[in-house]
Amino acid sequence: KTPFGGVQMVFFGDLFQLSPVVEDGAKELLGEIYSSPYFFSAKVFNDCHIRAIELSTIYRQKDGSFMELLNRIRNKEYSEEDLDRLNERVQKDVAIPGKDSTVILTTTNSLANTINQGRLSELPGREITFEARATGKFEESAYPTDTRLRLKKGAQVILIKNDPNKQWVNGTLAKVVALSNESIVVDINGQTCDVPIVKWQKIEYSYNEDEDKIEDEVVGDFVQYPIKLAWAITIHKSQGQTFDKVIIDLGNGAFTHGQLYVALSRCTCLNGIRLKRAITPGDIIFDRRIYEFKERFASLF
């Protein structure tokens, strides 16, 4: 067998950002076959030759001092002075909820939901609820958005599924500008878009020993508008976003590799960051398996 069927492939990504999120069912299966959930543990990489290119130009930030600080957080090579500098951005009286429309980055969905429901309740006008439909083995913990999606005109939202017509992508921020029981219209950078209901599928994986491959089966569906409230979003959901101003609420603390780095690096400048609480060394988490990748492919860079 030829790796990837002989097709030329291009892979890109940043292992210093958040680690893969693996559902419990798939985690057990993957753990039996692979040494980690990272792509570089796939067996195909033992049989193919990769030409590695490291991109070094930073476009989101322009301040060299801030870029160097982010890089030290990224590599877990920070100093006490670095923490002191970041913690100068702590503003414990950040208004949550309030009239500030700055996006709040949180560690958990629960914290984001609490903030978002508070903001929604402050908006004037009629609230409309959109009921989802779930069938088969689709656990509530895996729902991509609310089963009872509550919205008002003026709500700040995030779109959570790519649009086939390419009007938005998973992660696009928008504002609700028109609302009825059968329609949601949003504004995306001055362009109005009608958002349709979409379907997500729940897939279960199993290992076929006879054919030595992992097989998938659709076991459930979830149908709802691909929308979540977004005055606050999780750090995981913020990957790929760029903000001039951001509030970071770590709640009970960062809990996974790269989480704090991703939150800080979404902002274009240090002065645009407001911290709800001080950053501690325990918030800066680095997965040592990333070094396995760096050492394994070091000769390719």
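Refer to the preceding data block for the structure.
Now for a look at the structure at hand. (Residues numbered from 1 in each chain as written. Predicted model: local features only at pLDDT ≥ 70, side-chain atom pairs only at ≥ 80, totals over all residues. Heavy atoms only, no water.)

## Observations regarding helix H6 (residues 289-297)
This is how the line gets drawn: Note on exposure labels: buried denotes an accessible area under 20% of the residue type's maximum, exposed denotes more than 50%, and partly exposed covers the range between, all computed with a 1.4 Å probe on protein chains only. By definition, any uninterrupted DSSP run of H or I lasting at least four residues is a helix, any uninterrupted run of E lasting at least two residues is a strand, and each is numbered from the N terminus. When we speak of the arc, we mean the arc of directions from the helix axis to the C-beta atoms.
By the burial criterion, the buried members of H6 are Ile 290, Phe 293 and Phe 297. Here the buried residues of H6 occupy an arc of 55 degrees about the axis, which is enough to place them on one side.

## Thoughts on the sheet that holds strand E14 (residues 273-275)
Inclusion rule: Any two strands with at least two DSSP-identified bridges between them are counted as paired. The angle between two axes is taken between their N-to-C directions and runs from 0 to 180 degrees, where each axis is a line fitted to C-alpha atoms and a helix contributes only its stretch in contact.
Here four strands make up an open sheet; going across it, the order is E12-E1-E13-E14 and the pairing parallel. In the strand order of this sheet, the two ends are held by strand E12 (232-234) and E14, each with one partner. Within the sheet, the average angular offset between the axes of one strand and its neighbour, ignoring direction, is 30 degrees. For strand E1 (residues 104-106) and strand E13 (residues 246-249), the ladder comprises three bridges, and the chain directions are parallel. Bridging from a neighbouring strand, Ile 104 pairs with Ile 247 of E13.

## With respect to a nonpolar patch on the surface
To keep things clear, this is the line we draw: A patch is a set of surface residues, each over 30% in relative accessible area and not in a salt bridge, joined within 9 Å for like charges and within 5 Å for the nonpolar side chains Val, Leu, Ile, Met, Phe, Trp and Tyr. Accessible surface is estimated by sampling points in the Shrake-Rupley manner with a 1.4 Å probe; for residues, cover comes only from the protein chains shown. Salt bridges are counted wherever a side-chain nitrogen of Lys or Arg sits within 4 Å of a carboxyl oxygen of Asp or Glu.
Residues Phe 4, Val 7, Met 9 and Phe 11 make up a contiguous nonpolar surface patch of roughly 360 Å² in combined accessible area. By the secondary structure assignment, Phe 4 is in the segment before helix H1 (24-33).

## Observations regarding unusual backbone geometry
Positive phi outside glycine occurs at Phe 4, with the angle close to 60 degrees. Despite not being glycine, Lys 166 shows a phi value in the positive range, around 65 degrees. By the element assignment, Lys 166 lies in the loop between strand E5 (156-159) and strand E6 (173-180).

## So, the packing of aromatic side chains
Stated formally: Stacked, tilted and edge-to-face are the three classes assigned to paired rings of Phe, Tyr and Trp, where Trp is represented by its six-membered ring and a pair needs centres within 6.5 Å; plane angles under 30 degrees give stacked, over 60 edge-to-face, the rest tilted.
The full count for this structure, using the stated rule, is 15 aromatic pairs. With 5.7 Å between their ring centres and 70 degrees between their planes, Phe 39 and Phe 40 make a pair best called edge-to-face. Under the relative-accessibility criterion, Phe 39 is labelled partly exposed at 38%. Residue class for Phe 40 comes out buried when judged on its relative accessible area of 0%. A ring pair is formed by Phe 40 and Phe 293, whose centres lie 5.6 Å apart and whose planes are at 25 degrees; its orientation type is stacked. Taken as a pair, Phe 40 in the loop between H1 and helix H2 (64-74) and Phe 293 in helix H6 lie far apart in primary sequence, 253 residues in all. For the residue pair Phe 40 and Phe 293, the accessibility class agrees, reading buried in each case. Among the aromatic residues, those joined into a cluster by ring pairs are Phe 4, Phe 11, Tyr 38, Phe 39, Phe 40, Phe 45 and Phe 293.

## Some points on the environment of Asn 113
Looking at the element boundaries, Asn 113 is found in helix H4 (residues 109-122). Among the residues examined, Asn 113 registers a relative accessible area of 33% and is labelled partly exposed. Separated by 33 residues in the primary sequence, Asn 113 and Asp 146 have C-alpha atoms spaced 9.8 Å apart.

## Regarding the side chain of Lys 152
Note the threshold: Counted charges follow a simple rule, with Lys and Arg positive, Asp and Glu negative, and His plus the chain ends left uncounted. Under the rule applied, a polar contact is a pair of N or O atoms within 3.5 Å (in protein, one hydrogen donor and one hydrogen acceptor; residues adjacent in sequence only if both atoms are side-chain atoms). Any two residues whose heavy atoms approach within 4.5 Å are treated as being in contact.
Looking at where Lys 152 falls in the secondary structure, it is placed in the loop between strand E4 (148-151) and E5. Within the buried set, Lys 152 has no salt-bridge partner at all; the shortest N-O distance to an opposite charge, 4.8 Å, is to Glu 127. Reaching out from Lys 152, the side chain makes a polar contact with the backbone oxygen of Leu 120 at a distance of 3.3 Å. Contacts of Lys 152, omitting those with residues within four sequence positions, involve Leu 120, Ser 121, Leu 123, Pro 124, Gly 125, Arg 126, Glu 127, Val 176 and Leu 179.

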